[in-house]
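Listed here are the chains, written in short residue letters.
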Amino acid sequence: MLKFSCTCQKVSITYSHAPFSPHRHSSWTSVLNLHLTLFLSICSLLHREAEGFKEQGNAFYIKKDYAEAFNYYTKAIDMCPKNASYYGNRAATLMMLCRYREALEDSQQAVRLDNTFMKGHLREGKCHLSLGNAMAASRCFQRVLELDPDNSQAQQELKNAESILEYERMAEIGFEKRDFRMVVFCMDRALEPASACHRFKILKAECLALLGRYPEAQSVASDILRMDSTNADALYVRGLCLYYEDCIDKAVQFFVQALRMAPDHDKARLACRNAKALKAKKEEGNKAFKEGNFEAAYDLYSEALTIDPNNIKTNAKLYCNRATVGSKLKKLEQAIEDCTKAIKLDETYIKAYLRRAQCYMDTEQYEEAVRDYEKVYQTEKTKEHKHLLKNAQLELKKSKRKDYYKVLGVEKNATEDEIKKAYRKRALLHHPDRHSGASPEVQKEEEKKFKEVGEAFSVLSDPKKKSRYDSGQDLEDDGMNMGDFDANNIFKAFFGGPGGFSFEASGPGNFFFQFG
């Protein structure tokens with residue numbers, strides 16, 4: 001049997017014959033020559049046709065019509081599947097179409113056919129580089145430099161590969177130290193030459209999520225899922241974003257889907273477990289609060305806060321919930337601290353500002369309350385928020401006046417009799433005659449207090465003045481100048497009786513008041 005073959009597809013000639021006979025030698029030689037000529041003609045024809053397809057592909061490539069160029073290079077390969085340059089050209093076209101994995105296969109086929117094909121090695125290296133395989137890329141560029149030590153492109157691409165390896169190393173260290181900004185920086189630099197590397201994109205997206213930059217992280221993960229809906233890492237990042245945005249039920253669905261695609265995905269498994277535990281503990285706390293079991297609710301929210309320190313949104317809500325419980329338990333300073341922690345985690349959390357402002361009001365820290373209500377009203381200009389702000393501003397204004405209730409030592413809802421009894425007690429306690437034997441400094445201080453007691457009584461015992469005082473209005477607006485009255489006159493008017501009055505000593509440190 002004789003067999004001829006051609007490097008062009010489907011061209012082969014086989015010929016079977018009987019045992020050799022001298023009588024038939026001449027005719028056999030003629031047939032063989034005829035077939036050989038036919039074979040060579042077909043090979044030449046196929047080669048010319050393949051070259052024609054290649055030239056057409058080149059023309060479309062120059063025009064940047066890469067889809068058509070790909071079609072013609074494919075036709076050339078179909079004609080001559082053993083030609084390395086055709087695979088190399090199609091690889092270049094696929095690279096322009098960002099189809100790097102297919103381009104990598106063509107480049108590898110090209111160098112298998114011709115290990116000295118430098119463009120093939122360069123393109124294989126570029127594909128590895130674009131896909132983030134820096135070590136494999138380095139080997140390709142080193143092979144080019146073996147063939148051509150002065151090849152400037154290979155030298156530059158080798159440096160790019162080395163820089164990617166360095167950025168990977170730095171990113172790994174940054175992730176271990178939880179320096180997520182450093183990781184994002186490194187991945188951005190690495191993705192400049194490795195633009196098709198899903199691994200780098202996923203690591204960047206995960207760190208963006210951990211930094212609270214959820215829209216950016218979701219955008220990266222969604223781009224990958226559009227190309228590969230089964231990518232477990234991208235599913236995990238999508239779930240992570242939802243989890244950190246307190247959409248826990250939806251997050252769990254993505255984690256479960258990621259685990260279906262990759263049952264050994266440890267991060268997805270841990271996140272799924274944390275999400276379920278956080279939801280359960282928060283719901284237990286909410287139930288205890290609704291049932292009025294505030295101590296239990298406080299403890300449950302505290303336990304929930306230990307589950308995942310990275311979940312900023314949920315933890316902000318937990319701090320605010322615990323602050324609400326704290327205010328119910330009269331732990332106002334702790335409640336303020338919890339609200340502050342919630343706001344530190346989420347500066348847009350209006351509910352935390354409102355809760356903290358109310359706690360400030362309850363502890364008479366009116367300036368801080370006004371500051372928080374102003375922040376709320378700037379964000380949400382509602383009638384309710386405007387009313388809260390005005391009320392805080394009024395209380396602040398009132399707090400800067402003398403607090404006549406405190407001067408007399410009575411509550412703001414004290415009755416007329418309680419106010420009179422309080423005045424009697426304080427007026428006698430601070431009357432100047434009672435302290436006539438004290439030092440000048442003490443006498444001056446007691447005289448001041450005696451006057452304040454008289455002021456307080458003159459205002460709180462007068463319904464009109466008391467009403468204006470309670471509403472925060474200035475008493476001077478109605479000509480009530482508190483500096484013009486005489487405290488002694490109020491004292492005399494209150495105690496009444498004919499003649500004068502005096503304090504007499506009945507023993508060391510003891511005094512009694514006597515009317516004349």
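Definitions and cut-offs
- Residues numbered from 1 in each chain as written.
- Predicted model: local features only at pLDDT ≥ 70, side-chain atom pairs only at ≥ 80, totals over all residues.
- Heavy atoms only, no water.
- Helix = DSSP H or I, 4+ residues; strand = E, 2+ residues; numbered from the N terminus.
- Buried < 20%, exposed > 50% of the residue type's maximum accessible area, 1.4 Å probe, protein only.
- Axes fitted to C-alpha atoms, helices over the stretch in contact; angles between N-to-C directions.
- Parallel < 35°, antiparallel > 145°, perpendicular 65-115°, else oblique.
- Left-handed = near helix turned anticlockwise from the far one by under 90°.
- Contact = heavy atoms within 4.5 Å.
- Phe/Tyr/Trp six-rings, centres within 6.5 Å; stacked < 30°, edge-to-face > 60°.
- Lys NZ or Arg CZ within 6 Å of the ring centre and 35° of its normal.
- UniProt positions renumbered as here; feature names shortened; annotations may be inferred.
- 1 Å grid on protein atoms, 1.4 Å probe; cavity = no way out; pocket = protein on both sides within 12 Å on 5 of 7 lines; lining within 4 Å.
- Points joined across faces, edges and corners; volume = space filled by probe spheres on them.
- Nonpolar A, V, L, I, M, F, W, Y, C, P; charged D, E, K, R; others polar.
- Domains from an automatic or database assignment.
- Salt bridge = Lys/Arg side-chain N within 4 Å of Asp/Glu carboxyl O.
- Lys, Arg positive; Asp, Glu negative; His and termini not counted.
- Expected span 1.5 Å × (residues − 1).
- Core = buried A, V, L, I, M, F, W, Y, C linked by side-chain atoms within 4.5 Å.

### Observations concerning the overall build of the chain
Point 1. Within the chain one finds 24 helices and four strands.
Point 2. Counting all 516 residues of the chain, 42% fall into the buried class.

### Details of the environment of Val-376
Point 1. As for its placement among the helices and strands, Val-376 is situated in helix 18 (residues 366–379).
Point 2. The buried category is assigned to Val-376, whose relative accessible area is 0%.
Point 3. Distance in space between the C-alpha atoms of Val-376 and Leu-388 is 9.7 Å, their sequence separation being 12 residues.

### A word on the packing of helix 2 (residues 66–79) against helix 3 (residues 84–96)
Point 1. At a minimum axis separation of 9 Å, helix 2 and helix 3 run at an interaxial angle of 160 degrees. In terms of their interaxial angle, helix 2 and helix 3 are classed as roughly antiparallel. Between helix 2 and helix 3 the crossing geometry is left-handed. Facing helix 2, whose interface residues are Tyr-66, Ala-69, Phe-70, Tyr-73, Thr-74, Ala-76 and Ile-77, helix 3 presents Tyr-86, Tyr-87, Asn-89, Arg-90, Thr-93, Leu-94 and Met-96.

### What about the packing of aromatic side chains?
Point 1. Taken as a whole and assessed by the stated rule, the structure comprises 12 aromatic pairs.
Point 2. With a centroid separation of 5.3 Å and an interplanar angle of 70 degrees, the aromatic rings of Tyr-61 and Tyr-66 are classed as edge-to-face.
Point 3. For Tyr-66, a relative accessible area of 13% gives the class buried.
Point 4. Where Tyr-243 meets Phe-255, the ring centres are 6.3 Å apart and the plane angle is 70 degrees; that geometry is what we call edge-to-face. Placement of the pair is Tyr-243 in helix 11 (residues 232–244) and Phe-255 in helix 12 (residues 248–261), with a sequence separation of 12 residues. Taken individually, Tyr-243 and Phe-255 each receive the classification buried, so the pair is uniform in this respect.
Point 5. Three or more aromatic residues link up through ring pairs in this structure, and these residues are Tyr-214, Tyr-236, Tyr-243, Tyr-244 and Phe-255.
Point 6. It is Arg-99 that lies over the ring of Phe-70; its NZ or CZ is 5.0 Å from the centre.
Point 7. Directly above the ring of Tyr-298 sits Lys-331, whose terminal nitrogen or CZ lies 4.5 Å from the centroid.

### Thoughts on unusual backbone geometry
Point 1. Positive phi is not limited to glycine here, since Arg-178 has a value of about 60 degrees.
Point 2. If you trace the backbone, Arg-178 turns up in the loop between helix 7 (152–176) and helix 8 (180–191).
Point 3. Look at Glu-364: it is not a glycine, yet its phi comes out positive at around 60 degrees.
Point 4. Of note, Glu-364 is situated in the loop between helix 17 (350–362) and helix 18.

### Brief notes about the UniProt feature "repeat: TPR" (unreviewed entry) in the chain
Point 1. The sites that UniProt annotates as "repeat: TPR" (unreviewed entry) are residues 50–83, 118–151, 232–265, 278–311 and 350–383.
Point 2. For residues 50–83, helix accounts for 79% and strand for 0%, while the C-alpha atoms at its two ends are 10 Å apart.
Point 3. Span residues 118–151 is 79% helix and 0% strand, its end C-alpha atoms 10 Å apart.

### Some details on the environment of Lys-159
Point 1. When you line up the elements, Lys-159 lands in helix 7.
Point 2. Residue classification places Lys-159 among the exposed positions, given a relative accessible area of 53%.

### Considering the environment of Arg-356
Point 1. The topology assignment puts Arg-356 in helix 17.
Point 2. A relative accessible area of 9% places Arg-356 in the buried class.
Point 3. Look past the residues within four positions of Arg-356 in its chain and what remains in contact with it is Ile-336, Cys-339, Thr-340, Ile-343, Arg-371 and Asp-372.

### Notes on the layout of surface pockets
Point 1. Its volume calculated, the largest pocket comes out at about 280 Å³.
Point 2. Glu-206, Tyr-236, Tyr-244, Leu-270 and Asn-310 are the residues nearest the centre of the largest pocket, which is lined by 17 residues in total.
Point 3. When contributions to the lining of the largest pocket are tallied by element, the ones reaching two or more residues are helix 9 (198–210), helix 11 and helix 13 (266–290).
Point 4. Classifying every residue of the lining of the largest pocket gives 11 nonpolar, two polar and four charged.
Point 5. Counting only domains with at least three residues in the lining of the largest pocket, you end up with domain 1 (46–196) and domain 2 (273–400).

### Section: the pattern of salt bridges
Point 1. A complete count under the given rule lists 26 salt bridges for this structure.
Point 2. Of the charged contacts, one joins Glu-168 and Arg-199 as a salt bridge, the two residues approaching to 2.8 Å between their closest N and O atoms. One end of the pair, Glu-168, is in helix 7; the other, Arg-199, is in helix 9, with 31 residues separating them in the sequence.
Point 3. Exposure remark for Arg-199: the relative accessible area of 44% places this residue in the partly exposed category.
Point 4. Salt bridges sharing common partners tie together Asp-246, Lys-282 and Lys-317.

### Structural notes on the side chain of Arg-238
Point 1. Mapping Arg-238 onto the fold places it in helix 11.
Point 2. Summary of buried charges: Arg-238 has no salt-bridge partner, and the nearest side chain of opposite charge, Glu-245, is 6.4 Å away.

### Some thoughts on helix 17
Point 1. Over its 13 residues, helix 17 runs 19 Å from end to end, which matches the ideal 18 Å to within 8%, given 1.5 Å per residue.
Point 2. Looking one or two residues beyond helix 17, the residue adopting positive phi is Glu-364, at roughly 60 degrees.

### Comments concerning the nonpolar core
Point 1. Counting 73 residues, the largest nonpolar core has Met-187, Phe-200, Tyr-236, Val-237, Tyr-243, Tyr-244 and Phe-255 as the members making the most contacts within it.
Point 2. A per-element tally of this core places helix 11 first, with nine residues.
Point 3. Non-local contacts of Tyr-236, meaning those with residues more than four positions away in its chain, are made with Glu-206, Phe-255, Ala-258, His-265, Lys-267, Ala-268 and Ala-271.
Point 4. Grouped together as the second largest cluster of nonpolar side chains are 20 residues, Val-407, Val-410, Tyr-423 and Ala-487 included.

### So, helix 9
Point 1. If you check helix 9, its first and last C-alpha atoms are 18 Å apart, about what 13 residues at 1.5 Å a residue would give, namely 18 Å.
Point 2. Residues of helix 9 that are buried include every one of Phe-200, Ile-202, Lys-204, Ala-205, Glu-206, Cys-207, Leu-208, Ala-209 and Leu-210, and no others.
Point 3. Of the surrounding elements, those touching the buried residues of helix 9 are helix 7, helix 8, helix 10 (214–227), helix 11 and helix 13.
Point 4. Immediately beyond the C-terminal end of helix 9, within one or two residues, lies Gly-212, with a positive phi of roughly 85 degrees.

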